[in-house]
Amino acid sequence: MKKVSLRAFSALLMAFLIVIGLFVYVGRYIKDGEMWALYFDQSTSGSQYTLTDRNGTVLAKMGGGEKSYAENANTRIACYHVTGDYIGNVGTGALSSFKRELSGFNLITGIEEQEDVNLQLTVDADLNIKAYEALNGRSGAVMIYNYKTGEVLCMVSSPSIDPLNPPETLPDGAYINRCISASFTPGSVFKLVTLTAALENMDDIYHRTFSCAGSIDVKGVKINCTGVHGQQTIEQALSNSCNCAFAEISLELGPDIIAQYAEKLGITTSLKLDSISTQAGNYDKDSSMSASMAWSGIGQYNDLVSPYAMMRLAGAYANGGTAVEPSLLGQSDKTTQLLSADTAQKVASMMNYNVVYHYGQDRFPGLNISAKTGTAEVGDGKAAHGWFVGFLNDEEHPYAFACIVENGGSGLGAAGGVINTVLQAAVSK
């Protein structure tokens, strides 16, 4: 009897282990099945897999025992961080990130052999070339997207390489997509975050004036401004990018509120571009109410932002507070309410005031543009990063953008010039 019981127990135990193993396998298949299925050389498949831009320009092609890139070298270089390469050096490139779409992977049936798979991205290779040429060898990033549809039209990171003829010595950060996988000191473009917080938390913000004598003393530490602006409204303070005014506002708001808005507006959060995770920014709360805290609301101290997050935020200001989530794969049906329509309208109006009354509309001929510049001090004797963030007030061309020129020295002169070149090309299409 004991022998029978022991055999029954062993059989039950074995059955239990088989069931557990089956559950583990099914769980692993659901989680990793795509990776298992795609761990093969697509170039040896009988099918042809083609990656193109929005106009049908071939960016990459594989199948029939061969792999290739765009025929034009300028296209290969300007679109390198969008396309990626077959080795996977750019982990956020389409060849790595969109393997499912390129292969036709199905969780139930696996990979189905197809005669032809064509994945069309939303980017315009010609705009990428314009942007890369406008950067003119400088390190930086340019992003433009349609804030109504979510389609990413331009995504360029510099320096880049030709994946077909890579150099023996790589430029610094050649594999990093600076648009989505890097974060930088924002300088005054961060004042948009502080302004948003002020509009929603300081009831008298429109009824007070801010004094600027060229500097402000915070607990014995001098914060210098970009000029002597005298008495100014909040609208004028943003246009002047007045450090004195925004230091005062930052200290009044305090670090908790600014940190809350930096997270709420997507600045300090890792976001998603389709299935690609973006680099989170940073805002360190300094509760000492010292000069460091004041600088943090101005966009210095330990602040970091990604170009992607700033472009998305600019799109939300233009779109009544709603961010249509950007996509490389087509029109987006995902939206996020970042702020109220009333606050968005107020910030958007001030950004337009910046251009009309301070930057100069003649710098952007034919473009109804709203923007904020940033000149981010980076130390070590290096020139500041130049930022330009904003959007077009144009029903036919509802484009939001972000541009950084590393060590460019001027937000308006460096980054603003790049964006003007690319937008002129975009609206003429």
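Residues numbered from 1 in each chain as written. Predicted model: local features only at pLDDT ≥ 70, side-chain atom pairs only at ≥ 80, totals over all residues. Heavy atoms only, no water.

Right, let's talk about the nonpolar core for a bit. Generally speaking, a soluble globular protein has its nonpolar side chains buried in company with each other. Core analysis: the biggest nonpolar cluster contains 91 residues, and Leu-121, Met-155, Ile-249, Ile-267, Met-310, Tyr-317 and Trp-387 have the highest contact counts within it. Ranked by the residues each element gives to this core, the list is headed by helix H12 (residues 307–318), at 8 residues. Among residues more than four places away in sequence, those in contact with Tyr-317 are Leu-192, Val-193, Thr-196, Leu-265, Leu-339, Ala-344, Val-347, Ala-348, Met-351 and Phe-391. (Core = buried A, V, L, I, M, F, W, Y, C linked by side-chain atoms within 4.5 Å. Buried < 20%, exposed > 50% of the residue type's maximum accessible area, 1.4 Å probe, protein only. Helix = DSSP H or I, 4+ residues; strand = E, 2+ residues; numbered from the N terminus. Contact = heavy atoms within 4.5 Å.)

Take the packing of helix H7 (residues 191–201) against H12 next. Each pair of packed helices can be summarised by the angle the axes make with each other and by the distance between the axes. Relative to each other, H7 and H12 sit at 40 degrees, their axes nearing to 11 Å. It follows that H7 is oblique to H12 by the angle criterion. The two elements H7 and H12 cross, and the hand of that crossing is left-handed. Contacts between H7 and H12 involve Leu-192, Val-193 and Thr-196 from the former and Met-310, Leu-313 and Tyr-317 from the latter. (Axes fitted to C-alpha atoms, helices over the stretch in contact; angles between N-to-C directions. Parallel < 35°, antiparallel > 145°, perpendicular 65-115°, else oblique. Left-handed = near helix turned anticlockwise from the far one by under 90°.)

With the rule as written, the count across this model stands at 8 aromatic pairs. With a centroid separation of 6.3 Å and 85 degrees between ring planes, the pair formed by Tyr-147 and Phe-391 is classed as edge-to-face. Of this pair, Tyr-147 sits in the loop between strand E7 (140–146) and strand E8 (152–158) while Phe-391 sits in strand E18 (residues 385–392), and the two are 244 residues apart along the sequence. The same class applies to Tyr-147 and to Phe-391, which are both buried. Where Phe-190 meets Tyr-283, the ring centres are 5.9 Å apart and the plane angle is 0 degrees; that geometry is what we call stacked. Placement of the pair is Phe-190 in the loop between E8 and H7 and Tyr-283 in the loop between strand E14 (276–277) and helix H11 (291–298), with a sequence separation of 93 residues. When sorted by exposure, Phe-190 lands in the same class as Tyr-283, which is buried. Grouping aromatic residues by their ring pairs yields a cluster made of Tyr-359, Phe-364, Phe-388 and Phe-401. (Phe/Tyr/Trp six-rings, centres within 6.5 Å; stacked < 30°, edge-to-face > 60°.)

Adjacent strands of a sheet form backbone hydrogen bonds with each other and so pair up, either parallel or antiparallel. Ordered by their spatial adjacency, 5 strands build an open sheet running E8-E7-E19-E18-E17, and the pairing between neighbours is antiparallel. The open sheet has two free edges, formed respectively by E8 and strand E17 (369–376), since each of these has just one partner strand. Taking the axes of each pair of neighbouring strands and ignoring which way they run, one obtains an average angle of 5 degrees across the sheet. For E17 and E18, the ladder comprises 8 bridges, and the chain directions are antiparallel. Within the sheet, the bridge partner assigned to Ile-369 lies in E18 and is Leu-392. Sheet strands in contact with helix H13 (residues 341–359) are E17 and E18, and its direction is about 75 degrees off that of E17. (Pairing = 2+ DSSP bridges.)

Glancing now at the sheet that holds strand E2 (residues 58–63). Ordered by their spatial adjacency, 4 strands build an open sheet running E3-E2-E1-E6, and the pairing between neighbours is mixed. At either end of the open sheet lies a strand with only one pairing partner, and these are strand E3 (66–69) and strand E6 (116–120). The sheet shows a mean angle of 10 degrees between the axes of neighbouring strands, direction not considered. Across 4 bridges, the pairing between E2 and E3 is antiparallel. Paired with Lys-61 across the two strands is Ser-68, which belongs to E3.

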